[in-house]
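# Reading the structure
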Amino acid sequence: MYAFRRSIHYFERVAHSGSVRAAADTLHIAPSAVSRAVQQLEEELGVPLFDRTPRGLHLTAAGETVLGYLRRWERESEQLGEAVRSLSGVRQETIRVATVEVAAYELAPQAIAALRRRMPGVRVELQVGDTALVLESIASGSADVGLAINMPKAVPARSLWTMGNPTGLVTLAGHPLAARKAIRLAECLGEPLILPDEPLAARVSIRLALAAAGPCRSVATSNRIVAVKSLVRAGLGVSFLTRLDVAAEVRAGEFCFVSLDDRLIEHPYLSIIAPRGVRRAAVADVLIETLRKAMPRGEFRG
């Protein structure tokens, strides 16, 4: 039994990293030990769990199935522990949240803090990444609630609430363009631009409008929201970000946000999502409702 559990653990680490060597480094053991354990597991199950290619290891259909069962088993083990602790009067529920970066600044932390005030025994695991990571976490069962940008339609997740998150021009307070109520992207091209890189939602939303507007003077780019804001703060130029990206700085009077009024701009939206066909714990429902109420007023769709 111990050997089987060890093989399962090693298999999970290899599946996560896509490499025997990377998994061995994480586990602090020899790569040969990891490889041998995975091979033993494959022999015991009678099926290959990985396709071994020059570019790395990729899960087979059987490997995906095993990994899915493992993650569900880990979640059910956690729930079992919580149930047993509750019988002895020591109860600590855990809720796992996966979110995109923009919601990790204020929205998710404020909702989590409100949840903890209401349910002090709750423990929260917060994972931050792009929408692909959020969707994978929801689909695999490693997250109970997710916050995703521009959620695709054909995904194994359920959208519970959606809010428009428009893209606009971001300037320092006092900039000549800061007094505008709305502006077209072409009117900004004379400014030194700090352009967000894809896959940031702001860059995706202005892609077509930027191409149609013609040449621009880009002085810097970055693939992180926090870096773009830091460059604006340093006085390097102006940028394009979403309203949630700069909500705190606008409230503090540091930045100004001017709506972009272009037909070609595809403004992003933020969604609260959860697994399909899974009975949610009460704490997840409380967090979802708290998140919904914490969302800024905007274009809501229930």
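To be clear, the structure that these remarks concern was listed above.
Residues numbered from 1 in each chain as written. Predicted model: local features only at pLDDT ≥ 70, side-chain atom pairs only at ≥ 80, totals over all residues. Heavy atoms only, no water.

## Considering helix α7 (residues 131-140)
Note the threshold: Accessible area is worked out with a 1.4 Å probe on protein chains only. A residue is then buried under 20% of its type maximum, exposed over 50%, and partly exposed in between. Starting at the N terminus, helices and strands are each numbered in turn, a helix being any DSSP run of H or I of at least four residues and a strand any DSSP run of E of at least two.
Regarding α7, the residues found buried are T131, V134, L135, S137, I138 and S140. In the segment just after α7, G141 is the residue with positive phi, at about 85°.

## Some words on the sheet that holds strand β12 (residues 255-260)
Convention followed: Two strands are counted as paired when DSSP detects at least two bridges linking them. A contact between two residues is defined here by any heavy atoms of the two lying within 4.5 Å. The axes used here are C-alpha line fits, helices contributing only the stretch in contact, and every angle between their N-to-C directions lies in the interval 0 to 180 degrees.
Spatial ordering of the open sheet is given by β8-β12-β7-β11-β9-β10, a layout of six strands whose pairing is mixed. Looking along the sheet, the strands with just one partner apiece sit at the ends: β8 (182-183) and β10 (218-222). For β8 and β12, the ladder comprises two bridges, and the chain directions are parallel. Bridged to A182 within β12 is S259. Those strands touched by helix α9 (residues 225-233) are β7 (167-172), β9 (193-196), β10, β11 (238-242) and β12, and its axis lies near 145° from that of β11.

## A word on the pairing of strand β2 (residues 56-59)
Strand direction decides the pairing type here: strand β1 (residues 50-53) and β2, joined by four bridges, are antiparallel. Residue pairing across strands places T53 opposite G56, the latter belonging to β2. Count of turn residues in the β1/β2 antiparallel hairpin: two residues.

## Quick look at the pattern of salt bridges
Put simply, the rule reads: Any carboxyl oxygen of Asp or Glu within 4 Å of a side-chain nitrogen of Lys or Arg constitutes a salt bridge here.
Scanning all chains against the criterion turns up 13 salt bridges. Residue E249 is joined to R233 by a salt bridge in which the shortest nitrogen-to-oxygen separation is 3.6 Å. With E249 in helix α10 (residues 247-251) and R233 in helix α9, the pair connects residues that are 16 residues apart, well separated along the chain. Look at E249 and you get buried, because its relative accessible area is 11%. The partly exposed category is assigned to R233, whose relative accessible area is 37%. It is possible to trace a salt-bridge network through shared partners that takes in K229, R233, E249 and E254.

## Observations regarding the packing of aromatic side chains
The line we're drawing: Paired rings are identified among Phe, Tyr and Trp, the last through its six-membered ring, by centres lying within 6.5 Å, and are further divided according to the angle between planes into stacked (under 30 degrees), edge-to-face (over 60) and tilted (the rest). By definition, being over a ring means that NZ of Lys or CZ of Arg is both within 6 Å of the ring centre and within 35 degrees of the ring normal.
All told, the structure shown has one aromatic pair when counted by the stated rule. For the ring pair F11 and F50, a centre distance of 5.5 Å and an interplane angle of 55° mean the geometry is tilted. Here F50 lies in strand β1 and F11 lies in helix α1 (residues 2-17), a separation of 39 residues in the sequence. Across the pair, exposure class does not vary: F11 and F50 are buried alike. For K229, the ring lying beneath its charged end belongs to Y105, and the centroid distance is 4.2 Å. When the ring centre of W161 is taken as origin, the NZ or CZ atom of R292, which lies over that ring, is 4.9 Å away.

## Describing the packing of helix α6 (residues 107-118) against helix α11 (residues 282-294)
Threshold: Any angle between 65 and 115 degrees counts as roughly perpendicular, while under 35 counts as roughly parallel, over 145 as roughly antiparallel, and the rest as oblique. Note: crossing handedness is left-handed where the near helix turns anticlockwise from the far helix by less than a right angle, and right-handed where it turns clockwise. Residues were grouped as follows: Ala, Val, Leu, Ile, Met, Phe, Trp, Tyr, Cys and Pro as nonpolar; Asp, Glu, Lys and Arg as charged; and all remaining residues, including Gly, as polar.
As a packed pair, α6 and α11 sit with axes 9 Å apart at the nearest point and diverge in direction by 130°. Judged by the angle between their axes, α6 and α11 are oblique. In this structure, the crossing between α6 and α11 has a hand that is right-handed. For the pair α6 and α11, contact is made by L107, A108, A111, I112, A114, L115 and R118 and by V283, V286, L287, T290, L291 and A294, respectively. Taken together, the residues of the contact of α6 with α11 break down into eleven nonpolar, one polar and one charged.

## Structural notes on the packing of helix α2 (residues 20-27) against helix α3 (residues 31-45)
Interaxial distance between α2 and α3 falls to 8 Å at its minimum, and their mutual angle equals 115°. Accordingly, the angle class assigned to the pair α2 and α3 is roughly perpendicular. In this structure, the crossing between α2 and α3 has a hand that is right-handed. Contacts between α2 and α3 involve V20, R21, A23, A24 and L27 from the former and P31, V34 and S35 from the latter. Of the residues contributing to the contact of α2 with α3, the split by class is six nonpolar, one polar and one charged.

So far we have only geometry, and geometry alone does not tell us how the molecule works.
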